[in-house]
Amino acid sequence: MDIFKETLKTFIVNIIKEEKKIDVSKPQAEKLIKNPPDESFGDYCFAAYYMQNYGFQGKPETAAADLYNLCIVRFGEIAGLFDKIEIKGAYVNFFVKREIFVSEVVKETVDSGSDYGRDVPEKPLTVAIDFSSPNIAKPFGVGHLRSTVIGMSLSKIYEFCGHKVIKINYLGDFGTQFGKLIEAFCRYEDIDFSEFEKDPVKVLYGLYVRIHKDEQTDLTVEEEAKNRFKTLEDFMSVNKRSFEEYLGAITDAVNTKKKSIDNANIPKTITLSEENKNFFCGTAEGQYNLWKIFRKLSIVEFKRIYKSIGIEFDVYEGEAESAEFSKDIKEILLESGIAEISEGAVIVNVKGIKAPALIAKSDGTSLYLSRDIVTAVSRMAKYNFDKMIYVVGSEQALHFSQLFGIFGILKEDAEKIKDVKNFKHYASMIDGRLVHVKFGRIIGMSTRKGNLVFLEDYIEEARLKAQEKLEERLKISEDNFFAEINDGGKKLTEGLEKLEGIRAITENVEKQSLIQEQKKEPAESEKNRIYLTSLKVGIGAVIFNDLKTRRTTDVNFNWDNVLSFEGQTGPYLQYTVSRINSLLKRLGVNETDLKNDAKSFSFSKNDTDFDDIFLIAKQIYGLKTALHSAVEQNEPSVLSSFALDLASHFNKYYQNHRLIGRDYDYVKPRIAVLVSVKTVLVSILNLLCIPILEKM
RNA sequence: GCGUUCAUAGCUCAGAUGGAUAGAGCAACAGCCUUCUAAGCUGUGGGUCGCAGGUUCGAAUCCUGCUGGACGCACCA
């Protein structure tokens with residue numbers, strides 16, 4: 001609750017009402033109050049341009065003067081919270097009482113802890129978020145990271161803002177590409193089956209690359225792949241459930257736990273081996289099993305990668321599941337006259353879009369648009385979502401506008417549709433609830449070998465760089481120590497105390513020999529710490545790089561930028577948090593005591609550090625606004641910018657004002673400020689999927 | 001050709017939905033570690049907001065045209 005803004009709003013609305021006899025509606029009142037671009041213009045302002053609508057006449061400056069005079073006369077009404085009012089050009093600027101402002105903000109933050117900024121919406125939404133959605137035929141590269149991380153972050157942001165979120169990973173486990181993969185497996189004689197055991201994904205990727213290369217010169221590849229895909233799809237549709245059964249089952253048992261796709265049975269007796277190749281390649285059933293095996297192997301691999309960067313899903317879905325019913329969709333759309341046949345294929349004309357939306361190929365096999373229709377309907381049945389977000393690259397914008405357009409038609413022409421177990425009901429309520437959260441491409445990302453960089457290699461590169469930097473820093477603190485030892489004037493005992501100090505901070509190699517209590521192998525544990533720290537830093541750098549810019553712009557990839565860890569980077573934020581941790585530790589802070597003391601914090605305007613504290617408080621105060629616009633725009637980068645600003649304000653403070661060695665009375669309220677900054681930074685790092693480090 | 005989208009400092013990007021003097025970070029240069037972690041801080045230089053019109057009291061932001069880039073446009077996903 002923004003008491004300052006609310007007070008000001010009431011104040012101004014009353015003035016307009018009583019002096020100018022004009023009523024101001026709530027949303028209009030909201031627009032009256034702005035935040036000035038510069039601190040010297042105060043904390044809130046009214047622009048006279050807006051006031052002209054409310055009976056303040058003349059030039060903007062005159063209108064501003066008019067308003068200003070009225071405000072001055074009635075200043076007593078807001079004097080409890082505001083310090084002064086100024087007029088500057090066409091603006092009337094308001095300055096808050098800073099001591100009150102700061103202590104209010106700090107109290108609220110310390111009180112609410114990790115819930116600070118959390119919102120309780122009047123009507124929480126159920127939001128389904130479809131993200132990451134890797135293609136099983138392709139390895140998990142950095143291209144997928146963007147969708148994964150944006151989607152995960154949005155999920156967390158929506159949840160933090162009080163909505164119910166369902167995180168969906170919609171696996172690309174179907175389509176002609178699988179025909180290609182199967183064809184590759186069957187075509188090449190020299191597949192290393194022992195390698196398949198060890199690193200299946202690598203082998204699959206090898207097949208993928210090879211078949212795409214051969215496709216350029218050998219025209220039979222595509223043809224064979226198509227045939228294989230058709231065989232696969234036909235085989236799968238032989239014993240399929242009816243569409244009625246499918247939708248019925250969802251409707252009847254929305255809450256029963258669905259069998260997860262990755263638990264799909266793979267017959268144990270059939271192993272992936274040279275001997276079984278005829279079975280896999282020669283029969284429809286064999287191809288089906290091969291597909292299952294490929295899919296299973298890939299999912300295991302994906303899950304491992306997700307775990308390593310802290311990503312998780314509520315549901316794994318697959319295209320194959322929807323593919324089962326894409327023919328039903330085709331028929332429903334044709335029967336109702338929504339779709340038509342053109343050049344042998346089934347299409348829908350969506351108004352406003354010239355390109356026809358392709359539902360099915362002329363050979364009868366399905367296309368992903370038809371599968372997406374099934375998926376959206378079944379999700380509506382399952383989750384009854386208010387909003388469904390697709391986090392998919394902007395190159396698929398046309399596809400989604402076609403998909404959304406089709407649901408527009410399904411709503412408008414609902415009468416025409418034959419109802420199949422509530423299909424009409426679900427399909428007609430989807431319109432207007434779908435959102436395509438698109439993002440730009442990553443340009444210029446490549447290795448020496450190919451153009452696809454594996455996520456793990458990418459992270460490892462960042463980790464190594466972080467480790468290098470960490471070791472360098474540890475060495476510097478050692479060097480400083482020895483430099484001091486050698487400095488003639490120093491006493492050795494003094495130096496030893498110092499050594500202990502330094503090593504306590506860094507937990508360096510010899511710490512264990514100074515304090516011979518722990519049983520662990522010192523070198524081992526230190527090595528481990530360095531590894532984990534640099535891994536977290538590396539992951540933080542990589543993830544932040546994808547979340548720091550607005551989604552829609554293409555990212556110009558630059559190794560130097562990602563690996564620099566300075567300035568506007570994830571590690572800068574991580575560093576700031578661990579710096580606060582270190583300081584709190586040195587100050588001997590007990591955070592629960594602090595909470596009990598929260599009511600007694602007070603700050604004095606006369607303290608030299610007050611202006612800097614005020615800036616920090618003001619930034620913290622902006623968290624709610626930032627969260628709102630992040631949700632409104634489906635844009636995590638709002639929070640990354642916010643966090644960078646906050647960290648920057650804090651680091652300035654840290655540099656300019658020392659706390660150790662001051663009186664407790666002086667330090668206590670400032671500890672609350674430290675805790676507030678840490679609380680907010682940690683919240684945001686969590687929302688951005690960036691690992692937090694106790695110390696760096 | 002049609003559609004979508006973008007163009008802001010040498011580089012990477014912000015710019016609160018049309019408002020006050022366009023801001024950061026890298027890089028460059030000059031400083032700050034016997035004092036809470038230098039992955040930090042301070043300072044300097046760096047701009048015709050792609051170009052040209054238009055709407056407006058007011059435009060980086062909205063409209064039109066042009067230039068240049070990216071992406072998409074019938075059986076891939």
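Conventions we followed
- Residues numbered from 1 in each chain as written.
- Chains lettered and ligands numbered in written order.
- Predicted model: local features only at pLDDT ≥ 70, side-chain atom pairs only at ≥ 80, totals over all residues.
- Heavy atoms only, no water.
- Helix = DSSP H or I, 4+ residues; strand = E, 2+ residues; numbered from the N terminus.
- Buried < 20%, exposed > 50% of the residue type's maximum accessible area, 1.4 Å probe, protein only.
- Contact = heavy atoms within 4.5 Å.
- Near = heavy atom within 4 Å.
- Polar contact = N/O pair within 3.5 Å; in protein donor to acceptor, adjacent residues only side chain to side chain.
- Nonpolar A, V, L, I, M, F, W, Y, C, P; charged D, E, K, R; others polar.
- Phe/Tyr/Trp six-rings, centres within 6.5 Å; stacked < 30°, edge-to-face > 60°.
- Lys NZ or Arg CZ within 6 Å of the ring centre and 35° of its normal.
- Expected span 1.5 Å × (residues − 1).
- Pairing = 2+ DSSP bridges.
- Axes fitted to C-alpha atoms, helices over the stretch in contact; angles between N-to-C directions.
- Core = buried A, V, L, I, M, F, W, Y, C linked by side-chain atoms within 4.5 Å.
- Salt bridge = Lys/Arg side-chain N within 4 Å of Asp/Glu carboxyl O.
- pLDDT = per-residue confidence, 0-100.

A separate point is the overall build of chain A. On a plain count of helices and strands, chain A comes out with 29 helices and 14 strands. Relative to its 696 residues, chain A shows a buried fraction of 50%. In chain A, of all internal contacts separated by at least 6 residues, the share reaching a separation of at least 24 is 76%.

This part covers the protein's contact with RNA strand B. The environment of RNA strand B is made up of 68 residues, and the closest members are Tyr-91, Lys-361, Arg-473, Tyr-575 and Tyr-654. Counting only the atoms of RNA strand B within 4 Å of the protein, the fraction contributed by sugar and phosphate is 58%. Take Ser-362: an N or O atom from its main chain is 2.5 Å from a base oxygen of RNA strand B. Taking Ile-660, its main chain carries an N or O atom lying 3.3 Å from a base oxygen of RNA strand B. A total of seven residues in the surface near RNA strand B trace back to one element, the largest contributor, which is helix H24 (residues 570-586). Taken together, the residues that form the surface near RNA strand B break down as 28 nonpolar, 21 polar and 19 charged.

On inspection of all chains with the given rule, the structure shows 38 aromatic pairs. Both rings, one in Phe-4 and one in Phe-82, keep their centres 6.2 Å apart while their planes meet at 85 degrees; by these two values the pair is edge-to-face. In this pair, Phe-4 sits in helix H1 (residues 3-20) while Phe-82 sits in strand S3 (residues 82-88), placing the two residues 78 residues apart along the sequence. In this structure Phe-4 comes out as buried when scored by relative accessible area, which is 1%. In this structure Phe-82 comes out as buried when scored by relative accessible area, which is 0%. Here Phe-235 and Tyr-288 contribute two aromatic rings whose centre-to-centre distance is 5.1 Å and whose plane-to-plane angle is 40 degrees, an arrangement assigned as tilted. You can see Phe-235 sitting in helix H10 (residues 220-238) and its partner Tyr-288 sitting in helix H13 (residues 284-308), a full 53 residues away along the chain. With a relative accessible area of 30%, Phe-235 lands in the partly exposed category. Put simply, the rings of Phe-4, Tyr-44, Phe-46, Phe-82, Phe-94, Phe-101, Phe-614 and Tyr-621 touch in pairs and so form one group of aromatic residues. Directly above the ring of Phe-56 sits Lys-20, whose terminal nitrogen or CZ lies 4.8 Å from the centroid.

Let us look at H1. Here H1 is 18 residues long and its end C-alpha atoms lie 25 Å apart, about the 26 Å a rise of 1.5 Å per residue gives. Within H1, the full set of buried residues consists of Phe-4, Lys-5, Leu-8, Lys-9, Phe-11, Ile-12, Val-13, Ile-15 and Ile-16. Downstream of H1 by one or two residues, Lys-21 has phi in the positive range, about 60 degrees.

In space, the three strands of this open sheet follow the order S8-S9-S10, with antiparallel pairing throughout. With partners counted over all chains shown, the strands left at the sheet margins are strand S8 (339-342) and strand S10 (357-360), one partner each. Across the sheet, the mean angle separating the axes of adjacent strands is 40 degrees when strand polarity is ignored. Relative to strand S9 (residues 345-348), S8 is paired through four bridges, and the arrangement is antiparallel. Pairing of Glu-340 across the sheet is with Ile-347, part of S9.

Core analysis: the largest hydrophobic core is formed by 155 residues, its most contacted members being Phe-94, Phe-185 and Tyr-458. With 13 residues, the top contributor of residues to this core is helix H29 (residues 664-687). Those residues within four positions of Tyr-458 in sequence are excluded, and the remaining contacts are Val-142, Leu-145, Met-445, Val-453, Val-542, Asn-545, Phe-557, Trp-559 and Val-562. Ile-250, Ala-339, Val-346 and Ala-360 belong to the second largest nonpolar core, which has 47 residues in total.

With that settled, the discussion passes to the pattern of salt bridges. As enumerated under the stated definition, the model contains 38 salt bridges in all. Measuring nitrogen to oxygen at the nearest pair gives 3.0 Å for the salt bridge that ties Lys-180 to Glu-215. One end of the pair, Lys-180, is in helix H7 (residues 176-187); the other, Glu-215, is in helix H9 (residues 200-217), with 35 residues separating them in the sequence. Overall, Glu-215 belongs to the buried group, its relative accessible area being 17%.

The subject of this paragraph is the confidence of the model for chain A. On average, residues of chain A score 86 in pLDDT, and 89% of them reach the 70 mark or higher. Low pLDDT, under 50, characterises residues 255-264; the stretch is placed with 11 contacts to residues that sit more than four places away or in other chains.

A few words now on the side chain of Thr-533. Looking at the secondary structure, you find Thr-533 in helix H22 (residues 522-547). A polar atom in the side chain of Thr-533 sits 2.7 Å from the backbone oxygen of Arg-529. Those residues in contact with Thr-533, other than ones at most four positions away along the chain, are Leu-470, Leu-693, Lys-695 and Met-696.

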